[in-house]
Amino acid sequence: MLDPKLLRESPELVRSAIAKKHLNVDLDEVQQLDKRWRGLLTQVEALRAQQKSVNGDMSQLAKGSPEFLAKVGEMKSLKTEVKTQEAALKDAETAWQDAMMSLPNIPHESVPEGKMDADNVIAATHGDVNAVSAHAKPHWEIDGFENLFDFPRGAKVTGAGFPYYIGDGAKLVRALIHFFLEEAGQVGYTEVNPPIFVNAASATATGNLPDKEGQMYETVVDQLYAVPTAEIPLTNFFRDEILPEADLPVQRCAYTPCFRREAGSYGKDVRGLNRLHQFDKVELLKWVHPSQSYGELENLRGDAERLLQKLGLPYRVLLMCGGDLGFAQAKKYDLEVWSAGQERWLEVSSCSNFEDFQARRARIRFRNCDNKPELVHTLNGSGLAVPRVLAALLENNLQEDGTVKLPEVLVPYFGRDTVSFG
RNA sequence: GGAGAGAUGGCAGAGUGGUCGAAUGCGUCUGACUCGAAAUCAGAUUUACCGGCAACGGUAACGGGGGUUCGAAUCCCUCUCUCUCCGCCA
């Protein structure tokens, strides 16, 4: 959520933000709702002040005295008036809040103009896409793939997009998770093992609710949501809290399975490990001082990039344009790994600075040098999503004999340097 | 799952219908005393929103929501969470 003061003091800034993100929001209406709410609030507060004052008088009077009874009459009429005004205020407030929620975060000035993914700017490329295996093929076409990754049985037991990982397949997943967590720990992220179901309040604070896209799985009886990303339980850890300034930046990482319904996304990019309903991911989170957040975004991006470098996977970094930037992000980099078999880029991380947009909703603050609570800036990024990294590893490192040679860094975690599909 | 108890400010803990944003203690901060510190004394010490350039003024908040009442921290309902006992279970 944006600072309501921003809308009042610099509406043109909000207007240009909406334009840059290519969204369609009636800002005039939001401003009107704001005005209406404030007007009603003033009225109701004046009435309440009157109530309090009369009530104060009453406490001085003898109960049952004529003066007392007269005040009771006065209070009764005040009561009905307050009741009707309050109802109007509540409606106005709800409408105003909904309207405020419809305002996107302001893109940072360094965010390029653009409408869609084709307008994203390639900020960096690393590695040579031509230097990978000459034997590369889509991972699902590798001989014996089904021995390590069993989709049909997953579909039988649960549904499409819930594969079984078997033998070396399972071990590879575990090795990658372990590698990612160890690397994150090395650069100062404290490991957290969070709940993987969250309540409505938490999902709302991070903006996952209201779930317009039907993205999340919801439990029937308890109204809990299976996390689509560890970002939700991690960010909400400090919800409604005030952190000591000296603790900033706080850095945490978590491995969780992630659950996404992916409603509406069909097509050929769903083959194999490309898009799953359940997948494993390590998420990196930072809570930082507002003055540090853009430097920290670069650090975060670097932390994610280093993983791909160590794995020897060619990748590129996209700086998202205004139109392809999410609703809540002020600036975002996507990391895409080269998938040699599919000859396409696969998104494996998305590193974002939310500034205080998330923190306002979740009320995460720190005590600044004036000893006043101030909103922190939050950042998060994947470090990394497992299945697509796995896909790239299998494709890019496929050898002539049909086995896959693993990068050195994974050997301590996997135990061997070769994956066989037999 | 069954029975019971509870939830108050940074913490502890009073308050069972009227001037209670809330006693008291601890903590924290400022000042005095001191060469300095401790102890002591004095004062201060929640947050959010609205109005205001500001000083400041107003409103709200005693786990959440709803109700009773002229008036609710206090009474009623409900939800959540915590604790104790029993049952069950990895």
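Right above here is the structure, for reference.
Residues numbered from 1 in each chain as written. Chains lettered and ligands numbered in written order. Predicted model: local features only at pLDDT ≥ 70, side-chain atom pairs only at ≥ 80, totals over all residues. Heavy atoms only, no water.

K.L.:
Can you walk me through the pairing of strand 11 (residues 315-319) in this structure?
P.N.:
The side chains of a regular strand alternate, first on one face of the sheet and then on the other. The buried count for strand 11 comes to five of five residues, which makes it a mostly enclosed element. Alternating positions in strand 11 separate into two faces, Y315, V317 and L319 on one and R316 and L318 on the other, with burial throughout. The sheet contact formed by strand 11 and strand 12 (residues 331-339) spans five bridges and is antiparallel. When the bridges of strand 12 are listed, L318 appears paired with D334. (Buried < 20%, exposed > 50% of the residue type's maximum accessible area, 1.4 Å probe, protein only. Helix = DSSP H or I, 4+ residues; strand = E, 2+ residues; numbered from the N terminus. Pairing = 2+ DSSP bridges.)

K.L.:
How should the packing of helix 2 (residues 11-20) against helix 3 (residues 27-60) be read in this particular structure?
P.N.:
A packed helix pair is summarised by two numbers, namely the angle formed by the two axes and the spacing between the axes. Two elements in contact, helix 2 and helix 3, have axes separated by 11 Å at closest approach and are oriented at 140°. In terms of orientation, helix 2 lies oblique with respect to helix 3. As for the relative orientation of helix 2 and helix 3, their crossing is right-handed in sense. For the pair helix 2 and helix 3, contact is made by P11, V14, R15 and I18 and by L27, D28 and Q31, respectively. Classifying every residue of the contact of helix 2 with helix 3 gives four nonpolar, one polar and two charged. (Axes fitted to C-alpha atoms, helices over the stretch in contact; angles between N-to-C directions. Parallel < 35°, antiparallel > 145°, perpendicular 65-115°, else oblique. Left-handed = near helix turned anticlockwise from the far one by under 90°. Contact = heavy atoms within 4.5 Å. Nonpolar A, V, L, I, M, F, W, Y, C, P; charged D, E, K, R; others polar.)

K.L.:
Hey, could you run me through the side chain of K281 in this one?
P.N.:
Position of K281 relative to the elements: it lies in strand 10 (residues 278-288). With relative accessibility at 4%, the residue K281 sits in the buried group. The residues contacting K281, other than those within four sequence positions of it, are T229, A230, A254, Y255, T256, C258, R260, S382, L384 and A385.

K.L.:
Help me understand the protein's contact with RNA strand B in this model?
P.N.:
If you check the shell around RNA strand B, you find 23 residues, and the closest are R8, R38, N55, S59 and M75. The sugar-phosphate share of atoms of RNA strand B within 4 Å of the protein amounts to 66%. One of the side-chain nitrogen or oxygen atoms of R8 is found 2.6 Å away from a phosphate oxygen of RNA strand B. Contact between RNA strand B and E45: a base nitrogen at 3.1 Å from a side-chain N or O atom of the residue. (Near = heavy atom within 4 Å. Polar contact = N/O pair within 3.5 Å; in protein donor to acceptor, adjacent residues only side chain to side chain.)

K.L.:
Looking at this structure, I do not really get empty space enclosed by the protein. What am I missing?
P.N.:
Take a probe with the size of a water molecule and roll it over the atoms, and the empty space left behind shows itself. Scanning the entire structure with this criterion turns up one cavity of 30 Å³ or more. For the largest cavity, the full set of lining residues is F180, E183, A184, V187, Y189, L284, D303, R306, L307, K310 and G383. When contributions to the lining of the largest cavity are tallied by element, the ones reaching two or more residues are helix 7 (168-186) and helix 10 (293-311). Sort the elements by how many residues they give to the lining of the largest cavity and helix 10 lands first, with four residues. Split into classes, the residues belonging to the lining of the largest cavity amount to six nonpolar, one polar and four charged. (1 Å grid on protein atoms, 1.4 Å probe; cavity = no way out; pocket = protein on both sides within 12 Å on 5 of 7 lines; lining within 4 Å. Points joined across faces, edges and corners; volume = space filled by probe spheres on them.)

K.L.:
What should I look at first to understand the environment of A362 in this one?
P.N.:
The residue A362 is located in helix 11 (residues 357-362) in this model. Take A362: its relative accessible area is 1%, and that puts it in the buried class. Through-space distance from the C-alpha of A362 to that of V111 is 25 Å; in sequence the pair is 251 residues apart. Apart from the residues lying within four places of it in its own chain, the contact partners of A362 are A205, R239 and D240.

K.L.:
Sorry if this is basic, but what is going on with the sheet that holds strand 15 (residues 373-375) here?
P.N.:
The pairing of strands in a sheet comes from backbone hydrogen bonds and takes either a parallel or an antiparallel form. Reading across from one edge, 8-14-15 is the order of the three strands in this open sheet, with mixed pairing throughout. Pairing within the sheet leaves two strands with one partner each, and these edge strands are strand 8 (241-243) and strand 15. Averaged over all pairs of adjacent strands, the angle between strand axes in this sheet comes to 40°, irrespective of strand direction. Of the pairings in the sheet, the one linking strand 8 to strand 14 (residues 364-367) comprises three bridges and is parallel in character. Considered in strand 14, the bridge of L243 is made with F366.

K.L.:
What am I meant to see in helix 7 here?
P.N.:
Given 3.6 residues per helical turn, the α-helix brings residues three or four places apart onto the same face. Between the first and last C-alpha of helix 7 there are 26 Å, a value that for 19 residues agrees with the 27 Å anticipated at 1.5 Å per step. By the burial criterion, the buried members of helix 7 are D168, G169, L172, V173, A175, L176, I177, F179, F180, L181, E183 and A184. Immediately beyond the C-terminal end of helix 7, within one or two residues, lies G188, with a positive phi of roughly 95°. (Expected span 1.5 Å × (residues − 1).)

K.L.:
Would you explain the pairing of strand 13 (residues 344-353) in this entry?
P.N.:
Within strand 13, seven of the 10 residues are buried, leaving the element largely enclosed by the surrounding structure. Across nine bridges, the pairing between strand 12 and strand 13 is antiparallel. The residue bridging V337 from the neighbouring strand is L346, located in strand 13. Where strand 12 hands over to strand 13, the hairpin turn is made up of four residues, of which E343 adopts a positive phi near 55°. When strand 13 meets strand 16 (residues 377-385), the two strands line up antiparallel, connected through two bridges. Paired with N353 across the bridge in strand 16 is L379.

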